[in-house]
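# Topology and contacts: notes
The residues making up each chain are set out below.
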Amino acid sequence: MKKRLLGVGLSILLAAGLAGCQTEGKKETQSAPAETASETAGAESAAEKTEEAAKTVDPKSVKLAYVSMNLANPWNATVKKGFEAACEELGCEYISIDSEYKVDKQVASLESLVNDKYSGFVFTPIDPNATWDIVEQAKAQGVATATIAQQQDNVNLIYGMKEYDYGHTIGTQAGQWIKDNLGGKAKVAIISQDNVESVIARGDGVEDALKEICPDVEIVARQAGDTLEGGMKIVESVLAQTPDLNVVVGTNDSGAIGGYQAMVNAGMTGEDKAVFSGDATAEAIEYIGQEDSIYRGTVDLEPYVGGYNCAKILYKYATEGIPAEQQIEMLNYKPVPKQDVLDGTFKAVQ
């Protein structure tokens, strides 16, 4: 299958009925022909019928689904919470499915949703090339489609982020700490998500930020392991080769938590040690909130809010019609340093 590029321009934002959204209509390059009175009346009549039909939609007839990349990842599990909370409020039928990082399972799940005539679904693509065709089939049958976090270019709604920028934010927080506390010199292990093609750029952002802020930093390892078990194994292996490892940086909290536990188990604590990551999951915040913990920061992506908003937008599509133009929304993310957790400045929404 011809590989489709994942880059999507952010120039078009359509209204989704949510606070804070902006709209920008499609620009016309030439004047439209004048409508006759009958055409105008016909258009108004059709619009009235559509509006009236939307008012009579039974919420229970709407079926929405969230297909997770991997629910063992706490961030995805929090997206699920937000998605299901919104569906409960809306009074519609819903289901959440775990793909368990298996491309075939994700494709099969999406196919089942289309066959079962679901009104809409949001998913995080493991391999956008593999799920491209089923999204096209879904759209052809009037099923509203969306992605969250990692994106796929042909869906109706992209609720995403710029992977490189997100990684750069994670790396910047770690790099600044190394500069301020270790004079810019440290041995660093990066726990990446290079096993997912679309997330490789996040690891690149982490690495580039570290090198920009601390040119003398030594990156001793960059390996994929975005689960607790995977992160632990990576750091245990690195410590066997590099016992003076200073800093662990994870592209997500889950892998970094495993790395943190490996560091603590090996007695690698103290003022010259640190762990940083991204996602601001409840587990990571708990470790960061411990006064003497070497877990020193994460980056909040508001997964609960993302899941909640996706459900709301899909419901709007199902009841009011799918817009002709693709809608793009961005996950909010901001650094969460240890001090903000300790003094209560940071308040997680999850």
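These numbers were taken from a predicted model, which means no experiment stands behind them.

Glancing now at the overall build of the protein. Within the protein, the regular secondary structure consists of 11 helices and 12 strands. Across the 350 residues in the protein, those meeting the buried criterion constitute 50%. Considering only contacts within the protein whose residues lie at least 6 apart along the sequence, 74% involve residues at least 24 apart. Accessible area for the protein stands at about 16000 Å²; split by element, carbon and sulfur atoms hold 48% of it.

Next up on the list: the sheet that holds strand E1 (residues 63–68). Spatially, E2-E1-E3-E4-E5-E11 is the arrangement adopted by the six strands of the open sheet, whose pairing is parallel. Two strands in the sheet have a free side with no partner beyond their single neighbour: strand E2 (93–98) and strand E11 (327–330). Looking at each pair of strands side by side, their axes are set apart by 15° on average, direction ignored.

Looking now at the pairing of strand E10 (residues 295–300). Put simply, side chains in a regular strand alternate between the two faces of the sheet. In terms of burial, E10 is a largely internal element, six of the six residues being buried. Of the crossover connections in this fold, the one passing from strand E9 (residues 274–276) over helix H9 (residues 282–288) to the parallel E10 is right-handed. With four bridges connecting them, E10 and strand E12 (residues 334–337) associate as antiparallel partners. In the sheet register, Thr298 faces E12, and the bridge partner there is Val336.

For the rest of this paragraph, the subject is the pairing of E2. Judged from the six bridges that link them, E1 and E2 form a sheet pairing that is parallel. The residue of E2 that forms the bridge with Leu64 is Tyr94. This β-α-β element, E1 to helix H2 (residues 74–90) to E2, shows right-handed connectivity.

Applying the stated rule across the entire model yields two cavities of 30 Å³ or more. Taken together, 16 residues form the lining of the largest cavity, with Trp75, Asn76, Gln150, Gln193 and Arg202 sitting closest to its centre. Tallied by class, the residues present in the lining of the largest cavity amount to eight nonpolar, six polar and two charged. Here the lining of the largest cavity spans two domains, and each of domain 1 (57–160 + 301–331) and domain 2 (161–299) adds at least three residues to it.

Moving on, we come to the packing of aromatic side chains. A ring pair, where both rings are aromatic, is described by two values, the distance of the centres and the angle of the planes. For the structure on display, the rule yields six aromatic pairs. Their ring planes at 50° and their centres at 4.9 Å tell us that Tyr260 and Tyr287 sit as a pair that is tilted. Residue Tyr260 is found in helix H8 (residues 253–265), and its partner Tyr287 is found in helix H9; the two are separated by 27 residues along the sequence. One residue, Lys63, lies across the ring of Tyr118, its end atom 4.7 Å from the ring centre.

The subject of this paragraph is the packing of helix H5 (residues 163–182) against helix H6 (residues 200–213). Two elements in contact, H5 and H6, have axes separated by 6 Å at closest approach and are oriented at 30°. Here H5 and H6 pass one another in a crossing that is right-handed.

Looking now at unusual backbone geometry. The backbone phi angle of Tyr101 is positive, close to 60°, even though this residue is not glycine. In this structure, Tyr101 sits in the loop between E2 and helix H3 (103–115). For Tyr101, a relative accessible area of 23% gives the class partly exposed.

Rules behind the numbers
Residues numbered from 1 in each chain as written. Predicted model: local features only at pLDDT ≥ 70, side-chain atom pairs only at ≥ 80, totals over all residues. Heavy atoms only, no water. Helix = DSSP H or I, 4+ residues; strand = E, 2+ residues; numbered from the N terminus. Buried < 20%, exposed > 50% of the residue type's maximum accessible area, 1.4 Å probe, protein only. Contact = heavy atoms within 4.5 Å. Areas by Shrake-Rupley, 256 points an atom, 1.4 Å probe, with all protein chains shown as cover. Pairing = 2+ DSSP bridges. Axes fitted to C-alpha atoms, helices over the stretch in contact; angles between N-to-C directions. Right-handed = clockwise from strand over helix to strand, strands pointing away. 1 Å grid on protein atoms, 1.4 Å probe; cavity = no way out; pocket = protein on both sides within 12 Å on 5 of 7 lines; lining within 4 Å. Points joined across faces, edges and corners; volume = space filled by probe spheres on them. Nonpolar A, V, L, I, M, F, W, Y, C, P; charged D, E, K, R; others polar. Domains from an automatic or database assignment. Phe/Tyr/Trp six-rings, centres within 6.5 Å; stacked < 30°, edge-to-face > 60°. Lys NZ or Arg CZ within 6 Å of the ring centre and 35° of its normal. Left-handed = near helix turned anticlockwise from the far one by under 90°.

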